Amino acid sequence: MATDDRPIISCAGNQSLFASVHPYIVDALSMQKIDWQRSYGRPIKKVRLCGHFVPFDVHQLPRKFNEYRLLKDPVLHIYWVDCDIDTYKKKVRDDLFMWQSALKALSILDWLIIVVVRDENKVKSKILRTSVYDKVKSEYGSRGSGRCILFPEPFRNDTKSETWITVISRIQEFMLASFSRVISKFEDAMRLERERRNEESWTFAKYFMLQESLAKFYSVVELYEDALVQYDELDALFAQFIVNHSVGAKTAWLIPYTQLASGWEGVSMSTDINLYRRMLISEDKPSLLDLRNYMFSRQCELLIRLERPSELTSRSIKFVHNTIHELGLLEVSMPSGAISTWVFLTCKELLSVCEPFKDTLGMEVYSTYTSPLWTCLQAVTHKLGSLCGLFPGTVPTSQELHSVVELVSGISGSSTASKGVSREESTQADLRPREMLRKVLSSPADFRDYYVQLTELTMGTLKYIGHTRMAKILGQQLAKFYMASGEAQQAEAFLLDSLQLFSNDKWTSLELDTWVQLALCEQMLGSNAAYLRACLKVASHSKAPLDMRLEFADRILQFTHKEPIVVIEDCAMLATLDKVTYKTTSRTADILFTLHSELPAAFTYDTLSLLIQPSDGKEQTRKPAANGRKRCCQSMPLTMYKNVNDQGETSFGLTCVSTHSLLSHKDSASTGHMIRNLSKNNTAELEGQDQELAASLTGGHLTHGVNRLLFALEEPGPGRYRVHQVRLRRPGLELFVRVQDCGFTIAGYSPPSITVSSEANAIYMGIDNILDVSFAGNHCPVLPKVSSPFADTFTLQASNISLPLERCQISFYPSSCTVTPGTQSMQLDFTLQAQQGCEDLVISEEIECSCPIEITSKTFTARDQKYIQITVFSLVHGRSLQVLYPTLTCKSSPEKGSFVFEMLHGVDEDAWRLTRKSELSFLWRLQSAEVCGSDTIKCAFSIDFFCCGEERDRESKYHTFSTDISVDIVKTQYIMTRYIKSGIPMSPLSLSRQSSQDKLSSSPESLFPQPPPNTWQALCECEMSVELESCGALDFTEDDSEVHCISYEIISDPNWAISGNKHGQLELTSECLLSSIGVKLMPLTSGHLRLPEVRLRNSNDEEFLPGQVYDNSKLSQVFISSPEE
């Protein structure tokens, strides 16, 4: 911050006193930020005040408000008084009066009088009323204004003392009040000036200086955000004027900006440079670049103070492109390369500005922000090198040398040394970009070093942030540079790296251009195999122009070498296997093969061979599963075909209809790795040729497009084969074309196999199942005959059968009369006709049939009654079952007594529908002999079912599901009842909460007797009675005095306060089978509450089994009213 930008404060009175306290006041003012309350409802903002203190001069006082002197006129006037009463009366009073009169004459209201008292004791005494401070306050300090301040002992107290804090706070208060008045007037004047922008006398430079004064003021008080807004508004206003000018709304003041530019220096953060550019703006003599450079440098400075490097870099790219666009709109005349020079200097300066943020932001974030600037800098450097003839392999012409001199003259400090600012005053940081550019443009060697270094640095930055594609494009440019320099070895690495990306991303144009460069590079290196392969790529490229393809095809045909150069290529020709016909009489295989040539010209060959290898046949091996059933391998889209020749010979085979999708693989080696290690790859590709068979043609040519070729393979023998490669030989070249997915079977016999599957992934007893049967093998199948040793247990019906047979569907209906849980194994026999002269084959397939129904059982107790619930579930997906006639019978031995079950829901002739997502529950009551202790009853449950939608007669339609279950029946020994005593019965609300499964009969009152309702009041003590009644005679010994003791425990409940004993015993004797206890309770809340639970244990301190104790009050509730009610 420049000193003259700070607000001016004038000081009058005792100057020696002020000079002594001046450093402390300056430091104290800017020590911390304070709140500034603006007018018009604007938000409060924190500002840091500072001031430039100058002696009072009456001649420098403003006669009226001048908006162009916002930072040049004093904002506050202070008079310092430090004397005794006599001196004040003789001299100081008159001087103070003249000072006050001068301010009043110009209507200046921002003034302050500070009276210094040397003796602090006088301040505390009553003598103060006749002191200098009292006199000054009575004469100039109006009531409540606070313009007179007492400053006792300023040199004896610390600046953090209360005395100093009071004085500094008062100065800050008057400064903020002055700011509010001045800024309000200034904004009104600025608004009026902006509204005059359509007048002929209005100029942008004058208005720029006006609004920038406000921006500078905001910067002084550290309101950097508000200052940035002012420059953004000026930026937008100037850009709008340029757009309007370009469409015909001519503006007189804008015409000088369209004149020939004399300099093209970039943005500079140097203070001296910016002061000079601001002077040009104030004189209304700037060029477009001067105005834009200065404005953006101010924006950059504010963004740095706001610590926003990301916004700075994003604005930088927009600034560069917008400025170039504005130069075009205004049609500013500039030498060729001047704009690139300006962009170069600007990017270099902005990158140096962002450099300090590298450590604070981290390398990744910093690289993300600055990568656009590095990319832009590399692009303009490439352009300048091309313009000035600095690239390798070129000799600068006189015109290019003249361009260098002209460009250097525009950045040689013409705006500083020749226009008022010496070069010595320019900072070293400002000179560095200019000196670097001057050095780069003056020497091809220096340009080469800088261009390579800059490009590699830019590529590294782009790769670091994941912009790999842009980095590869720059790598391609650098490869061209190396090739022009004769360094083909270094160029090859960049070309191969870029080629892999372009090929993977299907960027065909870039890929073609890279292959062309790679062909030239390999030719320079003398790598014949890689050179021929690159030529094949270009000649067969579909996006290449025809003349280019013919040129590279001719290079291949004209190539000669003593030893044949081995090249492996898979794009110049596409090889496919059409048909293989095996002749059993001659034991030869005719192979019809198609070669689709992408070469634009005829390709002659001496020998064309199919290299055929025996296949390992692993894909045909099927190992049986551990349980004896066959596993189905992964299905492949194979098509079986049959061929009969003129002699009546029949051959069979399989062909794959989508070979590319099944057997294609992604090459693990990159393109560059393949070419750089071509000899290794050739050796690896050609290994195993001793085991290969060959079918060859001699003397011929391949034309562009489809070439159908017929090969004869002598005595191949039965088995599985695949065409491995196609080999073409001609003088100087041996070309191998990869062939994928060309497998075939010749003669021989492969065992057939059958795979059976179900659409529902399971086969169920008693319903129709659709089975998919798949056939494999080299048989000639006819309509299969399906049978089974268990034909009496199910029916079969085949459908959807066609020839050649691959698969069919069978309707399978297991018709067992009784269905039990679990699975049943069944066997299907398929009879297939084999090749001519072979016997029919019978293939067996074992399948598993599952039960479509599953059940669960549960036992319930009501007093001394026992109930059994059975729930039925369906396991069939997508289909519903009809069930009816559920029965439950006892299978226990006669020693345990006869048990009879009564079905509570009655017998209904209508069937119930059962789906996968539903269930059915049936309930029986035990009506039988006395249960002794705990018994396990063996029961038999059965239910009839059939599948909905099947059209069958009644006898074969229904099936019976039958299963045995075990039911645990426990005798009810005790009945426990809980209720509230004091003669008030309780109100059970249990039946309203019962689910449908708990409705045991049509008369629930018979099971759960209901006492009359009662009411109790909250927070009042009551007594709960717990009664325990034995359901039968107790097993006593001969001693009649023996007592059965049952332990009880009252479970804590948050709704009740239990004040009685929570633990104890209930005693039962032979004479009294009923025992009760009382427990003191207090309800803690109102509403319908359940009584606290009671847990019982027998004499052995063990808990009773479920069902041995029936809780008669388990679902009962008592109504508790609130005290207010």
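Residues numbered from 1 in each chain as written. Predicted model: local features only at pLDDT ≥ 70, side-chain atom pairs only at ≥ 80, totals over all residues. Heavy atoms only, no water.

(A) Geometry of the overall build of the protein. Along the protein, the regular secondary structure elements total 25 helices and 46 strands. Out of the 1125 residues belonging to the protein, those deemed buried represent 45%. Put simply, of all contacts in the protein between residues at least 6 apart along the chain, 72% involve residues at least 24 apart. (Helix = DSSP H or I, 4+ residues; strand = E, 2+ residues; numbered from the N terminus. Buried < 20%, exposed > 50% of the residue type's maximum accessible area, 1.4 Å probe, protein only. Contact = heavy atoms within 4.5 Å.)

(B) Spatial organisation of the sheet that holds strand β45 (residues 1109–1111). If you trace the five strands from one edge of the open sheet to the other, you get β40-β42-β38-β35-β45, paired in mixed fashion. With one partner strand each, in any of the chains shown, β40 (1056–1058) and β45 form the two edges of the open sheet. Within the sheet, the average angular offset between the axes of one strand and its neighbour, ignoring direction, is 30°. By the bridge criterion, eight bridges tie strand β38 (residues 1022–1030) to strand β42 (residues 1074–1083) in an arrangement that is antiparallel. For M1024, the partnering residue across the bridge sits in β42 and is V1079. (Pairing = 2+ DSSP bridges. Axes fitted to C-alpha atoms, helices over the stretch in contact; angles between N-to-C directions.)

(C) Seen up close, the pairing of strand β5 (residues 74–81). Most of β5 is tucked away: seven of the eight residues are buried. Direction of pairing for strand β1 (residues 8–13) relative to β5: parallel, over a ladder of six bridges. If you follow S10 over to β5, its bridge partner there is H77. Both β5 and strand β6 (residues 111–117) contribute to a ladder of five bridges, which runs parallel. Each residue of the ladder has a partner; that of W80, found in β6, is I114. Handedness of the crossover joining β5 and β6 through helix α2 (residues 85–105) is recorded here as right-handed. (Right-handed = clockwise from strand over helix to strand, strands pointing away.)

(D) Molecular detail of the sheet that holds β5. Read from one edge of the open sheet, five strands run β4-β1-β5-β6-β7, paired in parallel fashion. Pairing within the sheet leaves two strands with one partner each, and these edge strands are β4 (52–55) and β7 (148–152). Strand-to-strand twist in this sheet, taken as the mean axis angle between neighbours without regard to direction, amounts to 30°.

(E) Examining the packing of aromatic side chains more closely. In total, this model carries 37 aromatic pairs according to the counting rule given. A ring pair is formed by W253 and Y257, whose centres lie 6.1 Å apart and whose planes are at 90°; its orientation type is edge-to-face. Classification of Y257 as buried rests on a relative accessible area of 4%. Arranged with centres 5.6 Å apart and planes meeting at 80°, the rings of F391 and F447 form a pair that is edge-to-face. Placement of the pair is F391 in the loop between α13 (363–387) and α14 (398–409) and F447 in helix α16 (residues 444–464), with a sequence separation of 56 residues. In this structure F447 comes out as buried when scored by relative accessible area, which is 1%. Taken together, the ring pairs connect W202, F204, Y207, F208, F238, F241, W253, Y257 and Y294 into an aromatic cluster. (Phe/Tyr/Trp six-rings, centres within 6.5 Å; stacked < 30°, edge-to-face > 60°.)

(F) Layout of unusual backbone geometry. Positive phi values are uncommon outside glycine, yet E222 reaches one of about 65°. Tracing the backbone shows E222 in the loop between α6 (204–220) and α7 (224–246).

(G) The environment of K135, seen in detail. Structurally, the position occupied by K135 is in helix α4 (residues 132–140). Take K135: its relative accessible area is 28%, and that puts it in the partly exposed class. C-alpha separation for the pair K135 and K89, spaced 46 residues apart in sequence, amounts to 9.4 Å. Contacts of K135, omitting those with residues within four sequence positions, involve I85, Y88, K89 and R93.

(H) Spotlight on the packing of α7 against helix α10 (residues 309–329). Direction vectors running N to C along α7 and α10 enclose 25°, while the axes themselves pass 10 Å from each other. Taken together, the axes of α7 and α10 are roughly parallel relative to one another. Note on packing geometry: the crossing formed by α7 with α10 is left-handed. Of the residues in α10, those in contact with L228, D232, F238, A239, I242 and S246 of α7 are E311, R315, E326 and L329. Residue composition of the contact of α7 with α10, by class: five nonpolar, one polar and four charged. (Parallel < 35°, antiparallel > 145°, perpendicular 65-115°, else oblique. Left-handed = near helix turned anticlockwise from the far one by under 90°. Nonpolar A, V, L, I, M, F, W, Y, C, P; charged D, E, K, R; others polar.)

(I) Focus on the side chain of H77. As for its position among the elements, H77 is in strand β5. Among the polar contacts listed, one links the side chain of H77 to the side chain of S10, at a separation of 2.5 Å. Setting aside chain neighbours within four positions, we find H77 in contact with S10, F56, L61, W99, L103, I108, D110, W111 and L112. (Polar contact = N/O pair within 3.5 Å; in protein donor to acceptor, adjacent residues only side chain to side chain.)

(J) Summary view of the packing of helix α9 (residues 288–305) against helix α11 (residues 338–354). The interhelical angle for the contact between α9 and α11, taken along N-to-C directions, is 15°, at an axis separation of 12 Å. Classified by the interaxial angle, the pair formed by α9 and α11 is roughly parallel. Crossing of α9 over α11 shows right-handed handedness. For the pair α9 and α11, the contacting residues are L289, N293, F296, C300 and I304 in the first and W342, L350 and V353 in the second. The residue makeup of the contact of α9 with α11, split by class, is seven nonpolar, one polar and no charged.

(K) Representation of the nonpolar core within the structure. Membership of the largest hydrophobic core comes to 179 residues, with the highest contact counts inside it found for W80, F204, F208, I591, F593, V726 and L728. The leading source of residues in this core is helix α5 (residues 162–195), at 11 residues. Counting residues in hydrophobic clusters, the runner-up holds 46 residues, among them I754, V773, V819 and L926. (Core = buried A, V, L, I, M, F, W, Y, C linked by side-chain atoms within 4.5 Å.)

(L) Representation of the pattern of salt bridges. Applying the stated criterion to the full structure yields 38 salt bridges. Notably, a salt bridge pairs D232 with R315, separated by 2.9 Å at the nearest N-O pair. Residue D232 is located in helix α7, and its partner R315 is located in helix α10; the two are separated by 83 residues in the primary sequence. Taking relative accessible area as the criterion, D232 reaches 26% and is therefore assigned partly exposed. Close ionic contact of R555 with E551 constitutes a salt bridge, the shortest N to O distance being 3.2 Å. Residue R555 and its partner E551 are both found in helix α21 (residues 546–558); the two are separated by four residues, about one turn of the helix. Overlapping salt bridges, with partners in common, bring together E225, D232, R308, E311 and R315 in one network. (Salt bridge = Lys/Arg side-chain N within 4 Å of Asp/Glu carboxyl O.)

(M) Structural context of α14. If you check α14, its first and last C-alpha atoms are 17 Å apart, about what 12 residues at 1.5 Å a residue would give, namely 16 Å. Of the positions making up α14, those classed as buried are E400, S403, V404, L407 and V408. Take α14 and look down its axis: the buried residues cluster within an arc of 125°, on one side only. Turned more than 90 degrees away from the buried face of α14, the exposed residues are S398, Q399 and V405. (Expected span 1.5 Å × (residues − 1). Arc of directions from axis to C-beta.)

(N) Spotlight on helix α18 (residues 488–504). With 17 residues, α18 extends 24 Å from end C-alpha to end C-alpha; this agrees with the ideal 24 Å at 1.5 Å per step. Among the residues making up α18, those that are buried are A488, A491, E492, F494, L495, L496, S498, L499, L501 and F502. One or two steps after α18, the chain reaches K506, where phi turns positive at roughly 60°.

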